[in-house]
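One letter stands for each residue in the lines below.
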Amino acid sequence: SGVRGVSDDVLSDVQPVRIGVLIAMIAALAGSLALVWGVLFPSRIVVDVAIATGGLLQPTLLASAIIALSVVAVLRVARVPLRELGLRLRDVPRALVLLIVLYGALQLAIVAVVLVGGERLVAAQHDASAAVGLFAAQVLGNTPVEETVYRGFLFRQLVVRARRRGGGIGGVIPGTGI
């Protein structure tokens, strides 16, 4: 890769977790997603919380927090280190700053395009608490959960497992053909 200390194969440092941990992670994700999409969103509880907090606690942030808590619970019980989520503690501050700067710049660009195009701004573009809430929901909610849980952990674990069993998807869960 030309970068010192970085492997050309991003999966070379991944240690497969026990199959029970992988199944527990998938079950936790499925359960938390069912809770969020099957109960919380239809009941509008998260919308009521967003309204009550002036938009600071957005539904997306609350949903991501529930999903993240289920993932952390599985990892803590199974004693899986954070590095298996693709995280290194020393990189977290720099990653958060970069994420905030890039996402903030994107939002400013969107507002500029809307204003130049003569369109009206939506509430999140002129209401400070709604803007902060949506910004926090993306920066602290969706993005870290998607990047760490799905891409940083689950995808890497499934690929490494498949590679060790012969390269195909049929080697992910032993004895099942899955």
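Preceding block: the structure.
Since the structure is predicted, the reported quantities are computational estimates derived from the model, not experimental observations.

(A) Main features of the environment of Asp127. With respect to the secondary-structure elements, Asp127 resides in the loop between α5 (123–126) and α6 (128–164). Each C-alpha atom of the pair Asp127 and Gly54 lies 9.5 Å from the other, and the pair is 73 residues apart in sequence.

(B) Fine view of the packing of helix α3 (residues 59–78) against α6. Closest axis-to-axis distance for the α3/α6 pair is 9 Å, and the angle between their directions is 35°. Pair α3 / α6 crosses with left-handed handedness. On α6, the residues that touch Thr60, Leu61, Ser64, Ile67, Ala68, Val71 and Leu75 of α3 are Ala136, Ala137, Gln138, Leu140, Gly141, Asn142, Val145, Val149 and Phe153. For the contact of α3 with α6, the per-class residue count stands at 11 nonpolar, five polar and no charged.

(C) A look at the nonpolar core. Formed by 17 residues in total, the largest nonpolar core has its most connected members in Val17, Met25, Leu29, Val71, Leu75, Val80 and Phe153. Of all the secondary-structure elements, those providing two or more residues to this core are α1 (19–43), α3 and α6. If we ignore the near neighbours within four places in the chain, the residues touching Val17 are Leu22, Val80, Phe153, Gln157 and Arg161.

(D) Inspection of helix α4 (residues 92–116) at higher detail. Look at α4: 36 Å from first C-alpha to last across 25 residues, which is about the 36 Å you get at 1.5 Å a residue. Looking one or two residues beyond α4, the residue adopting positive phi is Gly118, at roughly 80°.

(E) Region of the structure containing a nonpolar patch on the surface. On the surface, a nonpolar cluster with roughly 230 Å² of combined accessible area is contributed by Leu56, Leu57 and Val132. Secondary-structure assignment places Leu56 in the loop between α2 (45–52) and α3.

(F) Focus on the side chain of Gln157. With respect to the helices and strands, Gln157 occurs in helix α6. Among the polar contacts made by the side chain of Gln157, one reaches the main-chain amide nitrogen of Val17 at a distance of 2.9 Å. Setting aside residues no more than four positions away along its own chain, Gln157 makes contact with Val14, Gln15, Pro16, Val17, Leu22 and Glu84.

(G) Structural detail: the packing of α1 against α3. The N-to-C vectors of α1 and α3 enclose an angle of 155°; their axes lie 9 Å apart at closest approach. Considering the angle they form, α1 stands roughly antiparallel to α3. The element α1 and its partner α3 pack so that their crossing is right-handed. Contact residues: α1 offers Val21, Ala24, Met25, Ala28, Leu29, Ser32, Leu33, Leu35, Val36, Leu40 and Phe41, while α3 offers Pro59, Ala63, Ile66, Ile67, Ser70, Val71, Val74, Leu75 and Ala78. Per-class residue counts for the contact of α1 with α3 are 18 nonpolar, two polar and no charged.

What counts, and at which threshold
- Residues numbered from 1 in each chain as written.
- Predicted model: local features only at pLDDT ≥ 70, side-chain atom pairs only at ≥ 80, totals over all residues.
- Heavy atoms only, no water.
- Helix = DSSP H or I, 4+ residues; strand = E, 2+ residues; numbered from the N terminus.
- Axes fitted to C-alpha atoms, helices over the stretch in contact; angles between N-to-C directions.
- Left-handed = near helix turned anticlockwise from the far one by under 90°.
- Contact = heavy atoms within 4.5 Å.
- Nonpolar A, V, L, I, M, F, W, Y, C, P; charged D, E, K, R; others polar.
- Core = buried A, V, L, I, M, F, W, Y, C linked by side-chain atoms within 4.5 Å.
- Buried < 20%, exposed > 50% of the residue type's maximum accessible area, 1.4 Å probe, protein only.
- Expected span 1.5 Å × (residues − 1).
- Patch = residues over 30% accessible without salt bridge, like charges linked within 9 Å, V, L, I, M, F, W, Y side chains within 5 Å.
- Areas by Shrake-Rupley, 256 points an atom, 1.4 Å probe, with all protein chains shown as cover.
- Salt bridge = Lys/Arg side-chain N within 4 Å of Asp/Glu carboxyl O.
- Polar contact = N/O pair within 3.5 Å; in protein donor to acceptor, adjacent residues only side chain to side chain.
- Parallel < 35°, antiparallel > 145°, perpendicular 65-115°, else oblique.

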